[in-house]
Amino acid sequence: MAAWARAVRGLLLDVSGVLYDSGGDGGVPIAGSAEAVRRIKASGLKLRFCTNETQTTREKFVKKLQGMGFDISVSEVTAPAPAACRMLKERSLRPHLLVHNDLVPEFAEVDKANPNCVVIGDAAENFTYANLNEAFRVLIGMEKPVLISLGKGRYYKETDGLKLDVGAYMKALEYACDVQAEVVGKPAKTFFESALAEMGVPAQEAIMIGDDIVNDVGGAQRCGMRALQVRTGKYRPCDENHPHVKPDAYVNNLAEAVDVILQQL
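Residues numbered from 1 in each chain as written. Predicted model: local features only at pLDDT ≥ 70, side-chain atom pairs only at ≥ 80, totals over all residues. Heavy atoms only, no water.

A.B. asks: Explanation requested: the overall build of the chain in the structure shown.
C.D. replies: When helices and strands are counted, the chain shows eight helices and 14 strands. Computed over the C-alpha atoms, the radius of gyration of the chain is 18 Å, within 12% of the 18 Å expected from 2.2 N^0.38 for a compact globule of 265 residues. Along the three orthogonal principal directions, the C-alpha set of the chain runs to about 60 × 35 × 35 Å. Among the 265 residues that make up the chain, the fraction classed as buried is 55%. Sequence-distant contacts, at least 24 apart, represent 65% of the contacts inside the chain between residues at least 6 apart. (Helix = DSSP H or I, 4+ residues; strand = E, 2+ residues; numbered from the N terminus. Rg over C-alpha atoms; globule rule 2.2 N^0.38 Å. Buried < 20%, exposed > 50% of the residue type's maximum accessible area, 1.4 Å probe, protein only. Contact = heavy atoms within 4.5 Å.)

Now the structure itself:
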């Protein structure tokens, strides 16, 4: 009997690396993951998809996953861009955007004239020297620079291999401008707390399942959740020797995790 699987009412699932591997061709589902999602929903457990995806809008992201056979809706997804938009409006911030072209529509209702902050996301090919330097100039010209980062991942996996993530570029701007970025997305505690609130489940009765030892597992554990690392996506064997983060369990994939959890219900 797996002690970590007891007294569970809700699950938070990372998406890229847990449900599917992304790629230029749209990506491919990880074996057994679509059926695992269906089994979670049939069991009566609460479910939330908790992603740092910032290369497209939630609507397009969800449509892609639905096309792969996943039972998922926009209302079930907690993502950084909508949370960032709420923050910008609450604080009267006007962003200079360094994001993927496909994410820009998420910021349609936000005032972007005369920017007083920079928002950085996984801009992929938009991470050119010219674009990074423009963001640097906006920040360095402020009396009190405000840098908002949609996640802080170091890298992620696509079908053709590992790719640099937003965290690497965030760190470059932090260093150049002597500023500390405000992170919206995993591993920020407020992001996990928002997902738990939307699900209506307390941290001690929820499990996070992800492929990122620091942002998924470490972030969730700091919120009081149990957290599993799957051996899919960006997982590497060296993760199991991480000096600071130890998952409550390792599982080969989402399907295996769901098998164990449902046996305990």
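Back to the text.
A.B. asks: What is the right way to read helix α4 (residues 129-140) from this model?
C.D. replies: One turn of the α-helix equals 3.6 residues, which is why residues spaced by three or four share an orientation. The terminal C-alpha atoms of α4, which comprises 12 residues, lie 16 Å apart, in line with the 16 Å expected from a rise of 1.5 Å per residue. Buried within α4 are the following residues: Leu 132, Asn 133, Ala 135 and Leu 139. Looking straight down α4, one finds that the buried residues subtend no more than 160 degrees of arc, so they occupy a single side. In α4, the exposed residues that point more than 90 degrees away from the buried face are Ala 130 and Arg 137. Of the surrounding secondary structure, the elements contacted by the buried residues of α4 are β6 (95-98), β7 (117-120), β8 (147-149) and α5 (166-177). (Expected span 1.5 Å × (residues − 1). Arc of directions from axis to C-beta.)

A.B. asks: Whenever I open this one, the packing of helix α1 (residues 33-43) against helix α8 (residues 254-264) confuses me. Can you help?
C.D. replies: The angle between the axes and the distance between the axes are what describe a pair of packed helices. It is at 8 Å that the axes of α1 and α8 come closest, and there the two elements cross at 25 degrees. Our classification of the angle between α1 and α8 gives roughly parallel. The two elements α1 and α8 cross, and the hand of that crossing is left-handed. Here Ser 33, Ala 36, Val 37, Arg 39, Ile 40 and Ser 43 of α1 come into contact with α8, specifically with Leu 254, Ala 255, Val 258, Asp 259 and Leu 262. (Axes fitted to C-alpha atoms, helices over the stretch in contact; angles between N-to-C directions. Parallel < 35°, antiparallel > 145°, perpendicular 65-115°, else oblique. Left-handed = near helix turned anticlockwise from the far one by under 90°.)

A.B. asks: Looking at this structure, I do not really get the pattern of salt bridges. What am I missing?
C.D. replies: Two side chains with opposite charge may pair up if their charged atoms get near one another. This model, assessed by the stated rule, comprises 15 salt bridges. We note a salt bridge from Glu 182 to Arg 91, for which the minimum N-O separation is 2.7 Å. Here Glu 182 is found in strand β11 (residues 182-183), whereas its partner Arg 91 is found in the loop between α3 (80-90) and β6, with 91 residues between them in sequence. On the basis of relative accessibility, which here comes to 38%, the residue Arg 91 falls in the partly exposed class. Salt-bridge contacts for Lys 171 lead to Glu 174; the nearest nitrogen and oxygen are separated by 3.4 Å. On the criterion of helical spacing, the pair formed by Lys 171 and Glu 174 is a turn pair, its members being three residues apart in helix α5. (Salt bridge = Lys/Arg side-chain N within 4 Å of Asp/Glu carboxyl O.)

A.B. asks: Even after reading the chapter, I still don't get the sheet that holds strand β14 (residues 249-251), so can you show me in this structure?
C.D. replies: Whenever strands of a sheet pair, they do so through backbone hydrogen bonds, lying parallel or antiparallel. Strand order in the open sheet formed by six strands is β5-β4-β1-β12-β13-β14, with parallel pairing between adjacent strands. Sheet topology places β5 (77-78) and β14 at the edges, where each strand pairs with a single neighbour. Here strand β1 (residues 10-13) pairs with strand β4 (residues 46-50) via four bridges, running parallel. Residue pairing across strands places Leu 11 opposite Leu 47, the latter belonging to β4. Strand contacts of helix α6 (residues 189-199): β1, β4, β5 and β12 (206-210), with the helix running at about 150 degrees to β4, the strand carrying the most contacts. Packing against the sheet, helix α7 (residues 213-222) makes contact with β12 and β13 (226-230), and its axis sits at approximately 165 degrees to β13. (Pairing = 2+ DSSP bridges.)

A.B. asks: Help me understand the nonpolar core in this model?
C.D. replies: Generally speaking, nonpolar side chains in soluble globular proteins are found buried as a group. Leu 11, Leu 13, Leu 19, Phe 49, Ile 209 and Leu 254 are the most contacted members of the largest nonpolar core, which has 35 residues in total. Those elements that place two or more of their residues in this core are β1, α1, β4, α2 (58-67), β12, β13, β14 and α8. Beyond its immediate chain neighbours, meaning those up to four positions away, Leu 13 contacts Leu 19, Val 37, Ile 40, Leu 47, Arg 48, Phe 49, Cys 50, Met 208, Ile 209 and Leu 254. Within the second largest apolar cluster, 19 residues are counted, among which are Leu 12, Phe 191, Ile 213 and Cys 223. (Core = buried A, V, L, I, M, F, W, Y, C linked by side-chain atoms within 4.5 Å.)

A.B. asks: Even after reading the chapter, I still don't get the sheet that holds β6, so can you show me in this structure?
C.D. replies: Reading across from one edge, β6-β7-β8-β11 is the order of the four strands in this open sheet, with parallel pairing throughout. Here the strands that pair on one side only, and so sit at the sheet edges, are β6 and β11. Most of the contacts of α5 go to β8, to which it runs at about 170 degrees, and overall it touches β7, β8 and β11.

A.B. asks: Looking at this structure, I do not really get the state of the cysteines. What am I missing?
C.D. replies: Counted by the stated rule, this structure contains zero disulfides. We note that Cys 177 lacks a disulfide partner, and the nearest cysteine sulfur, in Cys 117, lies 13 Å from it. (Disulfide = S-S within 2.5 Å.)

A.B. asks: Honestly, the packing of aromatic side chains in this entry has me stumped. Any pointers?
C.D. replies: The geometry of an aromatic ring pair is captured by two quantities: the separation of the ring centres and the angle between the planes. With the rule as written, the count across this model stands at two aromatic pairs. Plain terms: the ring middles of Tyr 20 and Phe 61 are 6.5 Å apart, the flat faces sit at 55 degrees to each other, and that makes the pair tilted. A residue pair is termed long-range when its members are at least 10 positions apart, and Tyr 20 in strand β2 (residues 20-21) and Phe 61 in helix α2 qualify at 41 residues. Judged on exposure class, the residue Tyr 20 and its partner Phe 61 are both buried. Residues Phe 127 and Tyr 169 carry aromatic rings whose centres are separated by 3.6 Å and whose planes lie at 10 degrees to one another, so their mutual orientation is stacked. A residue pair is termed long-range when its members are at least 10 positions apart, and Phe 127 in the loop between β7 and α4 and Tyr 169 in helix α5 qualify at 42 residues. Judged by its relative accessible area of 11%, Phe 127 is buried. The cationic tip of Lys 234 hangs over the ring face of Tyr 155; the distance from NZ or CZ to the ring centre is 5.3 Å. (Phe/Tyr/Trp six-rings, centres within 6.5 Å; stacked < 30°, edge-to-face > 60°. Lys NZ or Arg CZ within 6 Å of the ring centre and 35° of its normal.)

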